[in-house]
Structures are given as C-alpha cells and as structure tokens.
Amino acid sequence: MRIRDWDRNLKVRLFGEAAINITFWMFFPFLTIYFTEAFGKQTAGLLLVLSQVFAVAANLMGGYCADRFGRKTMMVISAFGQGFAFLIFGLASSPWLDSAMIGFICFSLVGVFGSFYWPASQAMVADVVDEKDRSHVFAVFYTSINIAVVVGPILGGIFYVHYRFELLVAAAIICMGLSFLLYKMTRETAPGDRSKLLVTEGKKKAWYSVMTDQFRDYGVIFKDKTFLLFILAGILVGQTFMQLDLLIPVYIKDVMDKAVLFSIGDWSLTLVSEQIFGLILSENGFFVALLTVVITRWITKFRERNVFILSSVIYAGSILMFGLSSSVWFFIAAMAVFTFAELMTAGIQQSFVSKLAPDHMRGQYFAAASLRFTIARTIAPLSITLSLYAGYNWTFIILSLLALISAGLFYIMFERFEKEEIQLKKAVQ
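Anyway, here's the lowdown on the structure attached to this text. (Residues numbered from 1 in each chain as written. Predicted model: local features only at pLDDT ≥ 70, side-chain atom pairs only at ≥ 80, totals over all residues. Heavy atoms only, no water.)

**Regarding the overall build of the chain**
The criterion, for reference: Counting from the N terminus, the helices are the DSSP runs of H or I reaching at least four residues and the strands are the DSSP runs of E reaching at least two. Exposure categories follow from relative accessible area, calculated using a 1.4 Å probe and restricted to protein chains: below 20% of the type maximum is buried, above 50% is exposed, and the middle band is partly exposed. We call two residues in contact whenever any of their non-hydrogen atoms come within 4.5 Å of each other. To be clear on the numbers: accessible area is Shrake-Rupley with a 1.4 Å probe, and residue cover counts the displayed protein chains and nothing else.
Along its length, the chain carries 16 helices and 4 strands. A buried classification covers 50% of the 429 residues belonging to the chain. In the chain, once contacts between residues fewer than 6 apart in sequence are set aside, the share between residues at least 24 apart is 84%. For the chain, the exposed surface amounts to about 20,400 Å²; the carbon and sulfur share of it is 66%.

**A closer look at the packing of helix α8 (residues 225–241) against helix α15 (residues 371–379)**
Quick reminder of the rule: The axes are straight lines fitted to the C-alpha atoms, using for helices just the contacting stretch, and the angles between their N-to-C directions are given from 0 to 180°. The scheme is simple: roughly parallel for angles under 35 degrees, roughly antiparallel for over 145, roughly perpendicular for 65 to 115, oblique for anything else. Put simply, a crossing is left-handed when the front helix is turned counterclockwise from the back one by less than a right angle, and right-handed when it is turned clockwise. Amino acids outside the nonpolar list (Ala, Val, Leu, Ile, Met, Phe, Trp, Tyr, Cys, Pro) and the charged list (Asp, Glu, Lys, Arg) are all regarded as polar, and Gly is one of them.
At a closest axis distance of 8 Å, the pairing of α8 and α15 adopts a crossing angle of 45°. Between α8 and α15, the angle falls in the class oblique. The two elements α8 and α15 cross, and the hand of that crossing is right-handed. Each of F230, I231, G234, I235, G238, Q239 and F241 in α8 lies in contact with α15, whose residues at this interface are L371, R372, F373, I375, A376 and I379. Looking at the contact of α8 with α15 residue by residue, the class counts come to 9 nonpolar, 3 polar and 1 charged.

**Some words on the pairing of strand β3 (residues 258–264)**
In summary, the side chains of a regular strand alternate between the two faces of the sheet. Threshold: In short, DSSP must find at least two bridges between two strands for them to pair.
Relative to strand β4 (residues 267–272), β3 is paired through 6 bridges, and the arrangement is antiparallel. Within β4, the residue paired with S263 across the bridge is S268. Hairpin remark: β3 followed by β4, antiparallel, with 2 residues in the connecting loop; positive phi at G265, about 65°.

**Some thoughts on a nonpolar patch on the surface**
As a reminder, the rule being used: Only residues above 30% relative accessible area that lack a salt bridge enter a patch, with like-charged residues linked at up to 9 Å and the nonpolar side chains Val, Leu, Ile, Met, Phe, Trp and Tyr linked at up to 5 Å. What makes a salt bridge here is a side-chain nitrogen of Lys or Arg within 4 Å of a carboxyl oxygen of Asp or Glu, nothing more.
Together, L310, V313, L320, L386, W394, I397, I398, L401 and L404 make up a nonpolar patch on the protein surface, roughly 720 Å² of accessible area in all. Looking at the nonpolar patch, the elements with two or more residues in it are α11 (304–322) and α16 (382–428). Among the elements that line the nonpolar patch, the one with the most residues is α16, at 6 residues. Assignment of secondary structure puts L386 in helix α16. Here L386 falls in the partly exposed class, since its relative accessible area comes to 31%.

**Quick look at the pattern of salt bridges**
One pass over the structure, following the stated rule, counts 5 salt bridges. As a salt-bridge pair, E17 and R13 come within 2.7 Å of each other at their nearest N and O atoms. Highlighted residues: E17 and R13, both in helix α1 (residues 8–27), separated by 4 residues, approximately one helical turn. The exposure classification of E17 matches that of R13, with both residues buried. Ionic pairing is found between E418 and R305, a salt bridge with its closest N-O pair at 3.9 Å. Here the residue E418 occupies a position in helix α16, and R305 occupies one in helix α11, the gap between them amounting to 113 residues. Looking at E418, the relative accessible area reads 25%, which means it is partly exposed. Taken together, the salt bridges that share partners define one network made up of R303, R305, E415 and E418.

**Considering the packing of aromatic side chains**
For any pair of aromatic rings, the description consists of the separation of the ring centres together with the inter-plane angle of the planes. Where we set the bar: What counts as a ring pair is set by centres within 6.5 Å for rings of Phe, Tyr and Trp (its six-membered ring), and what kind of pair is set by the plane angle: stacked under 30 degrees, edge-to-face over 60, tilted for all other angles.
Per the stated rule, a full pass over the model turns up 23 aromatic pairs. Look at F227 and F230: their rings are 6.2 Å apart centre to centre, the planes differ by 20°, and that puts the pair in the stacked class. With F227 and F230 both in helix α8 and 3 residues apart, the pair spans about one turn of that helix. Under the relative-accessibility criterion, F227 is labelled buried at 0%. Among the residues examined, F230 registers a relative accessible area of 1% and is labelled buried.

**Remarks on the packing of α8 against α11**
Two elements in contact, α8 and α11, have axes separated by 9 Å at closest approach and are oriented at 25°. What the angle tells us is that α8 and α11 run roughly parallel. Every pair of crossing elements has a handedness; the one defined by α8 and α11 is left-handed. In this structure, α8 contributes F230, V237, T240 and F241 to the contact, and α11 contributes F308, S312, Y315 and I319. Counted by class, the contact of α8 with α11 contains 6 nonpolar, 2 polar and no charged residues.

**Here we look at the nonpolar core**
Where we set the bar: Definition of nonpolar core: a set of buried residues of the types Ala, Val, Leu, Ile, Met, Phe, Trp, Tyr and Cys, connected through side-chain atoms within 4.5 Å. Domains are outlined according to an automatic or database domain assignment.
Membership of the largest hydrophobic core comes to 103 residues, with the highest contact counts inside it found for F35, F230, I280 and F322. Here this core gathers at least three residues from each of two domains, domain 1 (1–185) and domain 2 (206–428). Aside from chain neighbours lying at most four places away, what touches I280 is I248, I252, F322, F331, I332 and M335. Counting residues in hydrophobic clusters, the runner-up holds 8 residues, among them W6, L14, V125 and V137.

Put into structure tokens, the structure is as follows:
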C-alpha cells in the first residue's frame, strides 16, 4: 500500500508527527541533564519516576477516551495540550524566566497528553486501514520515528545548549499547528454509538470504571506463570535499555566535558558532552531504522529461547562497557553492542506473546505485555539516584546484574513453556 493511496487522515498525521518528532528529539534526550543539574541527581530521579507514574495513569485512560470521545477529538485536544505545555516550558527556560520546576511540570504534562494521543492515533489506523495493510502502515510510522531519533539528536547537539528556548517554542508551534490541521483536515473514524460505552446492562458506568476494568484485566499475568516470568524478565532487562535517555546522558556529561572525534594535522573535530550523547543516540536510531527488518529475518532462524537469553546477556555487557571508559569511540562501540541487543528481539517479541496467549484472551495478553515497558520506565529513573550513592561503576554493575537475572528468568520461562507445549501436544493426541 503506497503512501499516496493512504486515507487523508493518515497523510496529515504522518507528515505532522514527523515534524513534531524531529523537533522533540532535538531537546528531549538532554532534559535529564537539565533536571539533574537543576535539582540534583536524587531529586531528579524521584521526579522523573513521578512523571512516569502520571503518564502510566493517563495511558490507562487513553484508550477509553479514544473510544468514548472519538479519535479525532482526543488527538486534537492532546496535540494542542502538548503545544501549550511546550510553550510554558519554553517561557520557563527563557531569558525572562528560569524555573526548572515549572519546566518539570510542563514536561510531565507533555507525557500525559502524549499518553492520551497515541491510543487514539493507533486506533485511527485500525479504523481506516484494511487488516492486510495495517502492518505496513504501522511500519512506516515506526520508521519515521526512528528517522527522527537519528536526525533530532544531531541537530539538538548543535542547537540545544544555546537555543533551548527557541526549540521549545518551535515544538509548541508545530504541536498547535498539527492540532489545527487535524481539526480542519481529518474526519472522525471511531465506529458506532460511543455513548453506549458508559452503559452496561442498563446501568450507567462510573467514569473511573475503565481504570478498575483495566487493572482487573491485567490480573491475567498472575494466573499464567509463564507469562508472569516473561513480564518480570522484561522489566529487569528494561532497566538497561531505558537508561538510554536517563543515566547515560548524565554519565557522559559528568565524565566527558569535551572530546576530539577526529584529528587531521592541526584540524580537529571537538564535541561537547551534549553533542557526544546526540551522536551515540543518533547511532542507535540509525541502526534501528536501517537494520530492524534484516536482523529480524536473520534472527528467526534461531531458537527463540537462545535469542531472548543472549539479548539480555549482550545488554548486560553493553551497559558495563559504558562504565569502562571515557573515550568517545568506546562509547560508540558500546552503543553498537547495545543496539544489536535491541534489534535481536525487536521483531519477535509480539509474535512470542501471541504464542503465549489463548485465542480468546489475546487482546488482554497484548495489553498486559506492555507493562514490561511502562513499569520498567517508571522504575528506571531511580538509577540516577542510585549513582549518587553507589557511584557510576557500581550502578552500571547493578544494571548489568539485573539484565543477567532476566536472562535466567527467560531460561526458566522457556523451560516451562516448552513443557506446556509438550503436554498440550500429548493431550491433543
């Protein structure tokens, strides 16, 4: 399915969201440095955890709101809300006002509005695209995000230090512009009478019932021990890859103020710490965008158990590598190893979840599987606080040990899974 054949709703979103993502990634990777410098590592770590708690709570409501109030409505409101939050954030980082606390509140609001936006945007794709073409459309959006991850940090490394106010204002204008385009150029795609969603068996449902329903549905992970191990292993290994925009930029800022990337005769290319981090983050996005399909096709030739276990072991090794040197080229090598661990499981995780899930509970299993990332993201900022007390070396060692424990949990999980498969085959025979 070619982009020119897409529904107009999706065309507007693709190009509008691409502009937002590039602008967003020009400053987002550096905000951890900003908050740690403003509040200190301990307070910044706790505040970032709090910010993720708000985002997780909003995410529980996001799907409900998209069904109840409509995809277009939630996307228009969310994009405008993000733009307004960015604008206030910009003013709080301007020559006239310098308030890190106001900036943090606005940063949290951006996350909350994002949690309302994305469920509606994903649902819109399912509304307007035939099932046979959905994976392709989702892949195009995923690729556009990874292109932004490549381009954004490189530009951010150049402009962020001296033009943070201007970048935040630009993000505000683009978000509000997308909100206007969505309002004027798209149509509502949510099917049916949405008012019925608040009524069950003739009784009106309370607004908070969606949250209690979600928590009840997530209870499925405690009934399936194999799936529970999958979630726990994912949370533990998540403590490594979630550090990409948390601990790693703070670490680079502390250990490397400047570094020479190239030197030819009297000429040299010198990067400051923000530019170094932007470089390795762009390296990650570039390889993910370029190699996901290739690596996935190759990795499917191996046993899933070995792939998951080895990925966790490689994550453990890569996070240790970051703490072993303050050389920019060693950081680049560590990021290459880190990215390979990410690519190993990027394409097979969802298919494995579908194997674990009974047909009549597949939706619940996929929803519960996302807890690996939401819980991991909520806990991950504590590493910044830990580094204050234990130091960077011990923090990287602890993160590495967590990844190795996840490898052990994956081994136990696959032992259970393979025994269950054998028992199921015997029962069928």
